[in-house]
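# Report on the structure
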There are 2 protein chains.
Amino acid sequence: MMEEKLIFITNDDGIQALGIRTLAHLMSRLGKVVVVAPDSARSGAGCSISSTTPIELCKWEGFGDLDTDPLLPAKGEHDIEYFTCTGTPVDCVKIAHEQVLHATPDLVVSGINHGDNASVSVHYSGTVGAVIEATLKGWSSIAFSFQGFKKRPDFSPFFDSIVKIAEHILQHRLPPYECLNVNFPEVEKLQGTRVARMAKGLWTGEWSSAHNPHGKNMFWLTGAFNNLEPEQTDTDCWALEHGYASITPIQLDMTAYDSLEMLRKYLNS
Amino acid sequence: MMEEKLIFITNDDGIQALGIRTLAHLMSRLGKVVVVAPDSARSGAGCSISSTTPIELCKWEGFGDLDTDPLLPAKGEHDIEYFTCTGTPVDCVKIAHEQVLHATPDLVVSGINHGDNASVSVHYSGTVGAVIEATLKGWSSIAFSFQGFKKRPDFSPFFDSIVKIAEHILQHRLPPYECLNVNFPEVEKLQGTRVARMAKGLWTGEWSSAHNPHGKNMFWLTGAFNNLEPEQTDTDCWALEHGYASITPIQLDMTAYDSLEMLRKYLNS
């Protein structure tokens, strides 16, 4: 008999998001699932950690076999356990490691994020942040995100791709210090999947000013994303714009190796 | 007459930290300085953004010419303006861009962080997060951090290096999508500077458990850093351990280019 696989799941939209419940059901077809997710939304958390406040970890009894939302895929044969914590997505991975899992997961998946994490959004994303943390721990990890912002999106066009990508990584793993960033377009029928690089992009018009009830001027983060290389067909943004899921391998060693020699000439002393 | 340079400064330790006041004084020798810093500490903020709460921006009148702390270097001839905001380090850069600077800075510096940001700490660091954001905006940017955690460290052994590195980048700039991550060791006399790559590293023993006054079990983030390649002499950790400042060029395109082809074979559809 094959040993049961262990799959760890987290996100940045919080335990109640449809995206993470979708992943839990899909992954329970492949192995035993343990979920540790933030107790509420942590969008834009990046790789942040709770360095100055303590956090709480709780068993979550809210779903389990009772989760019969019609938008969810059918559960698989393996068990799902849910926990919440009051920290960031990276905290969820760190606390799962030492306080919950007590074993090395065969796979980590994060998401499905409500809102895509293509291009430079990788840097801001808590969904990707969690996967970076899991990868630092040596675990094969995949971030899944979806272009739309609806609270109750229909993820069913992506069920097959999610399972296929997860099965592939369970079988082949990923190189050390690398993870996958997968984004799904807002479409009813997927054109296919494209392995793609991060597009160069820029957010502009980032602040909306408004007075609070006490007359104080406050700034809300907003903005529009601009793909700076819309003609290039090998980017994640191009894939999404053309109805494909993008799959981007992400490396955690951020050293700009090409610049080391030049800088050494001037700055070594 | 040469045009006055514009230098933007932020950090993650907050406006009152000695590190940012040190940078402001040093940079005022090179150009007009504008500081927008968090109103209090945001350690471990990474690239996080305030996506769900509005933030405030305030002019800060606390220092200016009155900042005569004996640990500070002498101010230069150029003006310094200080602002605070209630957001993250990345928010500071974003709000400076649209609401404060009204011009492209010639240089951005972040820090001096109290605590080093070598190896994988790059991912968690708000000091580096701010510099990543500034780099995304096309600005030449440098993160400065210091290995010690004293509240009032003596940064004077590093004054000359900080000015030299800043002058070099002001003159030569950096390639697009690249920034510098500079770390100083806890020493009284610097051995020199080393351009170095990110060491592979891992945090372990990350949680300390304690009951709060109401008897609830809480977890505090803590842990020990392990350099996973202590024999390698070309890393930032090696430099710091041997009394050198490390200078690491960081690239923002995190695509794992070497893995694209292999993954395309299996995952394109």
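Residues numbered from 1 in each chain as written. Chains lettered and ligands numbered in written order. Predicted model: local features only at pLDDT ≥ 70, side-chain atom pairs only at ≥ 80, totals over all residues. Heavy atoms only, no water.

Turning our attention to the overall build of chain A. Counting secondary structure elements, chain A contains 7 helices and 13 strands. Relative to the globule expectation of 18 Å for 269 residues, the C-alpha radius of gyration of chain A, 19 Å, shows essentially globular dimensions. Across its three principal axes, chain A shows a C-alpha extent of roughly 60 × 55 × 45 Å. Taken across its 269 residues, chain A has 61% of its residues classed as buried. A sequence separation of at least 24 residues applies to 81% of the contacts in chain A between residues at least 6 apart. (Helix = DSSP H or I, 4+ residues; strand = E, 2+ residues; numbered from the N terminus. Rg over C-alpha atoms; globule rule 2.2 N^0.38 Å. Buried < 20%, exposed > 50% of the residue type's maximum accessible area, 1.4 Å probe, protein only. Contact = heavy atoms within 4.5 Å.)

As a further point, take the pattern of salt bridges. All chains considered together, the criterion is met by 26 salt bridges over all chains. Here A:Glu81 and A:Lys59 are joined by a salt bridge, their closest N and O atoms 3.7 Å apart. With a gap of 22 residues between them, A:Glu81 in strand β4 (residues 80-85) and A:Lys59 in strand β3 (residues 57-59) connect regions that are remote in the sequence. The residue A:Lys137 makes a salt bridge to A:Glu133 at a minimum N-O spacing of 3.1 Å. The pair A:Lys137 / A:Glu133 is uniform in exposure class, with both members buried. It is possible to trace a salt-bridge network through shared partners that takes in A:Lys94, A:Glu133, A:Lys137 and B:Glu206. (Salt bridge = Lys/Arg side-chain N within 4 Å of Asp/Glu carboxyl O.)

Another aspect to go through is the confidence of the model for chain A. Of the residues in chain A, 99% reach a pLDDT of 70 or more, and the chain-wide mean stands at 95. Two summary scores accompany this predicted model of the complex, namely pTM at 0.96 and ipTM at 0.96. (pLDDT = per-residue confidence, 0-100.)

When chain B is fitted to chain A, the best match, at an RMSD of 0.0 Å, comes from turning it 180° and sliding it 0.0 Å along the axis. The two molecules are tied by a two-fold rotation axis, judged by turn and shift. When the interface residues of chain B are mapped onto chain A, 100% of them again fall at the interface, so both copies present the same face. (Least-squares fit on C-alpha atoms with pLDDT ≥ 70 in both.)

Quick look at the packing of helix α2 (residues 89-101) of chain A against helix α4 (residues 126-136) of chain A now. All names here are of chain A. Packing of α2 against α4 leaves a shortest axis separation of 7 Å and a crossing angle of 30°. As summarised for this structure, α2 and α4 are arranged roughly parallel, according to the angle between their axes. Along this stretch, α2 crosses α4, giving a crossing that reads as right-handed. For the pair formed by α2 and α4, the contact residues are Pro89, Val90, Val93 and Lys94 on the first element and Gly126, Gly129, Ala130, Glu133 and Ala134 on the second. (Axes fitted to C-alpha atoms, helices over the stretch in contact; angles between N-to-C directions. Parallel < 35°, antiparallel > 145°, perpendicular 65-115°, else oblique. Left-handed = near helix turned anticlockwise from the far one by under 90°.)

For interface size, the figure often reported is the accessible area lost on association. Taken together, the contact between chain B and chain A spans 80 residues of the former and 80 residues of the latter. Of the roughly 7400 Å² buried between chain B and chain A, counting both surfaces, carbon and sulfur atoms make up 60%. For chain B, the biggest contributors to the area lost against chain A are B:Trp207, B:Met254 and B:Leu267; these three give 11% of the whole. Scanning the region where chain B abuts chain A turns up 6 salt bridges. Notably, a salt bridge pairs B:Lys94 with A:Glu206, separated by 2.6 Å at the nearest N-O pair. (Buried area = accessible area lost by both parts, 1.4 Å probe.)

Residues and elements named next belong to chain A. Taken across its 5 residues, strand β1 (residues 6-10) has 5 buried, putting it largely inside the fold. In β1, alternate side chains face the same way, and those of Leu6, Phe8 and Thr10 on one face and Ile7 and Ile9 on the other are all buried. The pairing of β1 with strand β2 (residues 32-38) spans 4 bridges and is classified as parallel. Following the sheet pairing, Leu6 is matched in β2 by Lys32. Taken together, β1, helix α1 (residues 18-27) and β2 form a β-α-β motif whose crossover is right-handed. (Pairing = 2+ DSSP bridges. Right-handed = clockwise from strand over helix to strand, strands pointing away.)

This next bit is on helix α2 (residues 89-101) of chain B. All names here are of chain B. With 13 residues, α2 extends just 16 Å between its outermost C-alpha atoms, more than 12% less than the 18 Å of an ideal straight helix rising 1.5 Å per residue. At Ile95, α2 is bent by approximately 40°, the largest bend along its length. Counting buried positions along α2 gives 10 out of 13 residues, so the element sits mostly inside the fold. Every buried residue belonging to α2 is among Pro89, Val90, Asp91, Cys92, Val93, Lys94, Ile95, Ala96, Val100 and Leu101, and all of these are buried. After α2 finishes, the residue His102 shows a positive phi value of roughly 55°. (Expected span 1.5 Å × (residues − 1). Bend = angle between axes of the 7 residues up to and from the residue.)

Take the environment of A:Gly205 next. As for its placement among the helices and strands, A:Gly205 is situated in the loop between β9 (201-204) and β10 (207-211). Once the C-alpha coordinates of A:Gly205 and A:Ser161 are considered, the two residues, 44 residues apart in sequence, prove to be 34 Å apart. Contacts of A:Gly205, omitting those with residues within four sequence positions, involve A:Thr222, A:Gly223 and B:Glu98.

Across all of its chains, the model carries 3 cavities of 30 Å³ or more by this definition. Size it by volume and the largest cavity reaches roughly 110 Å³. Taken together, 13 residues make up the lining of the largest cavity; nearest its centre are A:Cys47, A:His123, B:Cys47, B:His123 and B:Ile132. Those elements giving two or more residues to the lining of the largest cavity turn out to be α3 (121-124) of chain A together with α3 (121-124) and α4 (126-136) of chain B. Of the residues assigned to the lining of the largest cavity, the class counts are 8 nonpolar, 5 polar and no charged. (1 Å grid on protein atoms, 1.4 Å probe; cavity = no way out; pocket = protein on both sides within 12 Å on 5 of 7 lines; lining within 4 Å. Points joined across faces, edges and corners; volume = space filled by probe spheres on them. Nonpolar A, V, L, I, M, F, W, Y, C, P; charged D, E, K, R; others polar.)

A separate point is the environment of A:Leu72. All names here are of chain A. Looking at the element boundaries, Leu72 is found in the loop between β3 and β4. The class for Leu72 is buried, based on a relative accessible area of 11%. Each C-alpha atom, one on Leu72 and one on Ile132, is 27 Å from the other, the two residues being 60 residues apart in sequence. For Leu72, the residues in contact, after removing those within four places along its chain, are Leu18, Arg21, Thr22, His25 and Asp67.

Next up on the list: helix α5 (residues 159-172) of chain A. Taking 1.5 Å as the rise per residue, α5(A) with 14 residues should run 20 Å; its terminal C-alpha atoms sit 20 Å apart, in good agreement. Backbone geometry just after α5(A) places A:Arg173 at a positive phi near 55°.

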